[in-house]
Amino acid sequence: MVKLLSVPQKNRRERLPCFPAFDKSKFILSMLLEHRRLRFLTGLLVLLQSGSYVISAEPEQDSRPNFVLMMVDDLGIGDIGCYGNHTIRTPNIDRLAAEGVKLTQHLAAAPLCTPSRTAFMTGRYALRSGLGSTGRVQVILFLAGSGGLPPNETTFAKLLQKQGYTTGIVGKWHLGVNCESRNDHCHHPNNHGFDFFYGLPFTLFSDCKPGAGKGVLVDVQETLWQMSVLIALAFLSLLAVRAAGLLQISRMLLVFLAALSLLSFAVWFVPFELLRTWNCIIMRNGEVLEQPMKLETLNARLMSEAQRFVERHRDRPFLLFLSLAHVHTPLFVSEGFAGKSKHGLYGDNVEEADWMIGRMVETIERLGLSEKTLMYFTSDHGGHIEEGPKGGWNGIYRGGKAMGGWEGGIRVPGIFRWPGRLTPGREVAEPTSLMDVFPTVVKLAGGALPEDRILDGHDLMPLLEARTNRSEHEFMFHYCGMNLNAVRWHPSDSESIFKVHFFTPNFSPAGAVGCYHINICLCHGAFVTYHRPPLVFDLSRDPSESRPLAPDTEPRFSEVLERVERAVTEHRRTLTPVEKQLSWEKVLWKPWLQPCCGTFPFCSCEEDTDTENTQ
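Residues numbered from 1 in each chain as written. Predicted model: local features only at pLDDT ≥ 70, side-chain atom pairs only at ≥ 80, totals over all residues. Heavy atoms only, no water.

J.: Just checking my understanding: could you explain the overall build of the protein chain for this structure?
T.: Secondary structure summary: the protein chain contains 15 helices and 17 strands in total. Taken over 615 residues, the protein chain has a buried fraction of 54%. Sequence separation of 24 or more characterises 73% of the internal contacts of the protein chain that already satisfy a separation of 6 or more. Accessible surface, the protein chain as shown: approximately 28100 Å² in total, 58% of it carbon and sulfur. (Helix = DSSP H or I, 4+ residues; strand = E, 2+ residues; numbered from the N terminus. Buried < 20%, exposed > 50% of the residue type's maximum accessible area, 1.4 Å probe, protein only. Contact = heavy atoms within 4.5 Å. Areas by Shrake-Rupley, 256 points an atom, 1.4 Å probe, with all protein chains shown as cover.)

Here it is in structure tokens:
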């Protein structure tokens, strides 16, 4: 250490006579202090620079929207207040329309659950995925069938996962579960881009509600039952004859008939009489929680799971597909909604569905996510008019569920709400499709559309934001199973929307507007009538499809048929052969594919509703 006071003060003054008194020790001390101050300031500056770097390096708030897609099952477009209904109260859906954009020509790609939902998920016509029907089996009939949405299909959920979204589906799936073994889950939502699944891997059929009757291959069940009874009677008769000594009856023949009788009984009883156990279940991801499911509390559980999903993932981009079990038959209603509607049990179901939509909107608003969330409401297809008062109303539109290209089976509600982005109260009358949701959400999420497959949907944002007033759908193809039923043409030089029907389902009884004798229309053989020339309508002037055009009433009649024929030829060139997922071999019940809680075939469990889901 330097000895600062080694030189006498007076000597220093004498030696520096021309300068003021100079204190060397203070000078050195001040220099040391200055040095430390500089080091401190330098360190502080570095720290501040580092801090500013850290602040600037923090990611900006994610501007990508959340998505809440809400779909009701079998809802007719005429059942909603904002689409013209005056007897069923739907204030929450009506509010969505008032605060968003309402589509008045929104179309399902098929008039039945499985193919419609396939097209919705993939943005492609269902037959491109093998989920079009060639015969009477038009949807997945058994949860333990091997058919379903192929693993190599690309859903919008898969693409959003790649963009960092958390994806979930709560409610109905109906696109298959397993392929080759009980737990391969090749068709399961978790294998198609959904991080979380809670709900019905199948759908609601009459068998799901005790006392509601049967809904799967009823005539086949009746035939199998009669065969088993006849074989059993033959066995008992021969056994009695042999016991009475009237005839010599071979013991081997009796053993054979006994075995055949037991086999025929099992073929009828096991897959069909136990159908509620096999098909009507609740799963969370790959686990069976309830078998068979209890309908009384189903909607409350679906809402709770949907709300908790949003709450868990509110701080990062998410997609939720809320796929309601309502209003598919068998109708059931939760406590508090029974007897409230002027339209009976069906109206009660619609009003409960509206309440569920309202709860979902309230959850988004409570969490402050309204301006960050695109909400969408629709139905998978039109109402099932053969169900009478238990089915939906399709307004002014002809036909309904399972009736091919008739408007009543494919025209559905379509409402988009996004506060701050979409102008409230707008209506869009251009042709749009459920398939358009795929490219719309993928682009908004910052993803790229797949280049290895043909997409049939188009981005809706230009229409929704009024950046264009014209749909990209010049032609739309309406299928009844695998059969091309009708084609829509919206000429670029006209406001007309022409619809060409190649065949129509045969209604029964005569004069009816549905297939009441068989309860649901079919698309093949003697169940349809082909028209030569095809029926032509102008939906812009005749939305009810009640007045077919003719060459003497429509100047463009020949042009319409010619342009549609060319469009069909071009469309068919884009189709490639794929494995059929709705063949008999794939839809029939296979015990080794049956989801089960417990040890098969003793499948039985109830969900513990007191256990909080934290996944």
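Having seen the model, we can carry on.
J.: Help me understand helix α7 (residues 251-273) in this model?
T.: Between its first and last C-alpha atoms α7 spans 31 Å; for 23 residues at 1.5 Å apiece the expected length is 33 Å, and the two agree. For α7, the elements touching its buried residues are α6 (218-244) and α8 (275-279). Where α7 begins, the capping side chain belongs to Ser250, and its oxygen is found 3.2 Å from the backbone nitrogen of Met252. (Expected span 1.5 Å × (residues − 1). Polar contact = N/O pair within 3.5 Å; in protein donor to acceptor, adjacent residues only side chain to side chain.)

J.: Can you walk me through the state of the cysteines in this structure?
T.: A covalent bond between the sulfur atoms of two cysteines is referred to as a disulfide. Taken as a whole, this structure holds six disulfides when the rule is applied. Through a disulfide, Cys179 is tied to Cys186; the S-S separation comes to 1.7 Å. Because the sign of the S-S torsion sets the handedness, a value of about 90° for the bond joining Cys179 and Cys186 places this disulfide among the right-handed ones. Looking at Cys179, the relative accessible area reads 23%, which means it is partly exposed. Exposure remark for Cys186: the relative accessible area of 9% places this residue in the buried category. The side chain of Cys480 participates in a disulfide bridge whose partner is Cys523; the two sulfur atoms lie 1.8 Å from each other. (Disulfide = S-S within 2.5 Å.)

J.: Would you explain the sheet that holds strand β13 (residues 483-489) in this entry?
T.: Paired through backbone hydrogen bonds, the strands of a sheet run either parallel or antiparallel to each other. Taken in spatial order, the four strands make up an open sheet running β12-β13-β14-β15, and their pairing is antiparallel. One side of each edge strand has no neighbouring strand; the edge strands of this open sheet are β12 (475-480) and β15 (528-538). Strand-to-strand, the axes of this sheet are offset by a mean angle of 20°, without reference to chain direction. Bridge analysis of strand β14 (residues 498-505) against β15 gives seven bridges, and the strand direction is antiparallel. When the sheet's bridge partners are listed, His501 is paired in β15 with Leu535. (Pairing = 2+ DSSP bridges. Axes fitted to C-alpha atoms, helices over the stretch in contact; angles between N-to-C directions.)

J.: So what exactly am I meant to see when it comes to the environment of Phe527 here?
T.: Locating Phe527 in the fold gives a position in the loop between β14 and β15. Along the backbone, Phe527 and Cys515 are 12 residues apart, and their C-alpha atoms lie at a distance of 9.3 Å. Not counting residues up to four positions away in its chain, the partners in contact with Phe527 are Pro505, Asn506, Ile518 and Leu522.

J.: Would you mind showing me how to read the environment of Gln581 here?
T.: As for its placement among the helices and strands, Gln581 is situated in the loop between α14 (557-573) and α15 (584-587). Here the alpha-carbon distance between Gln581 and Gly147, two residues 434 residues apart in the chain, equals 4.5 Å.

J.: Sorry if this is basic, but what is going on with the environment of Val310 here?
T.: Looking at the secondary structure, you find Val310 in helix α9 (residues 298-312). With relative accessibility at 0%, the residue Val310 sits in the buried group. Considering only alpha carbons, one finds Val310 and Thr166, 144 residues apart in sequence, at a separation of 10.0 Å. Ignoring anything within four residues of it in the chain, the contact list for Val310 reads Phe318, Leu320, Met360, Thr363, Ile364, Leu367 and Leu369.

J.: Sorry if this is basic, but what is going on with unusual backbone geometry here?
T.: Trans peptide bonds make up most of the peptide bonds, and negative phi angles are found at most residues other than glycine. In this chain, Ser508 is followed by Pro509 through a cis amide linkage whose omega measures 0°. Tracing the backbone shows Pro509 in the loop between β14 and β15. Going from Phe600 to Pro601, the amide bond is cis rather than trans, its omega being 5°. Looking at where Pro601 falls in the secondary structure, it is placed in the loop between β16 (598-599) and β17 (602-603). Residue Asp74 is not a glycine yet carries a positive backbone phi of 70°. Residue placement: Asp74 occurs in the loop between β1 (66-72) and α3 (91-98). For Leu217, which is not a glycine, the phi torsion comes out positive at approximately 45°. Examined against the element boundaries, Leu217 turns out to sit in the loop between β4 (196-200) and α6. Looking at Leu217, the relative accessible area reads 10%, which means it is buried.

J.: Just checking my understanding: could you explain α3 for this structure?
T.: Three- or four-residue spacings in an α-helix give side chains the same orientation, since the helix completes a turn every 3.6 residues. Taken together, the buried positions of α3 are Ile93, Leu96 and Ala97. The buried residues of α3 occupy an angular sector of 100° when the element is viewed end-on, so they sit on one face. As for α3, its buried residues are in contact with β1, β2 (101-107), α10 (344-366), β8 (373-379) and β9 (411-417). (Arc of directions from axis to C-beta.)

J.: When you look at the pattern of salt bridges in this model, what are you seeing that I'm missing?
T.: Note that side chains of opposite charge can pair when their charged atoms are close. Tallying each qualifying case throughout the model produces 39 salt bridges. We note a salt bridge from Glu465 to Arg421, for which the minimum N-O separation is 2.4 Å. Taken together, the positions of Glu465 in the loop between α13 (461-464) and β12 and Arg421 in the loop between β9 and β10 (426-428) put the pair 44 residues apart, joining distant regions of the chain. Several salt bridges converge on common partners, so that one network encompasses Arg284, Glu290, Arg301, Glu305, Arg308 and Glu607. (Salt bridge = Lys/Arg side-chain N within 4 Å of Asp/Glu carboxyl O.)

J.: Hey, could you run me through the side chain of Glu153 in this one?
T.: Take Glu153: it is sitting in the loop between α4 (113-122) and α5 (156-162). Polar contacts involving the side chain of Glu153 include one to the side chain of Arg124, which spans 3.3 Å. If near-sequence neighbours (up to four positions away) are discounted, Glu153 is found in contact with Thr122, Arg124, Arg128, Ser129, Lys158, His192 and Arg453.

J.: Please clarify how the pairing of β13 should be interpreted in this entry.
T.: Within a regular strand, side chains alternate between the sheet's two faces. Burial runs high along β13: six of the seven residues are buried. As paired strands, β12 and β13 are joined by six bridges and run antiparallel to one another. In the strand pairing of β13, Cys480 is matched with Asn483. Counting the residues in the hairpin turn of β12 and β13 gives two residues, including Gly481, whose phi is positive at 70°. One ladder, built from four bridges, connects β13 with β14; its direction is antiparallel. When the bridges of β14 are listed, Arg488 appears paired with Lys499.

J.: Help me understand the packing of aromatic side chains in this model?
T.: The geometry of two aromatic rings is summed up by the distance between their centres and the angle between their planes. Under the definition given, this model contains 23 aromatic pairs. A ring pair is formed by Phe196 and Phe309, whose centres lie 6.1 Å apart and whose planes are at 20°; its orientation type is stacked. Note that Phe196 is positioned in strand β4 and Phe309 in helix α9, a separation of 113 residues in sequence. A network of ring pairs unites the aromatic residues Trp225, Phe265, Trp268 and Phe269 as a single cluster. Positioned above the aromatic ring of Phe600, the side-chain terminus of Arg182 is 4.7 Å from the ring centre. (Phe/Tyr/Trp six-rings, centres within 6.5 Å; stacked < 30°, edge-to-face > 60°. Lys NZ or Arg CZ within 6 Å of the ring centre and 35° of its normal.)

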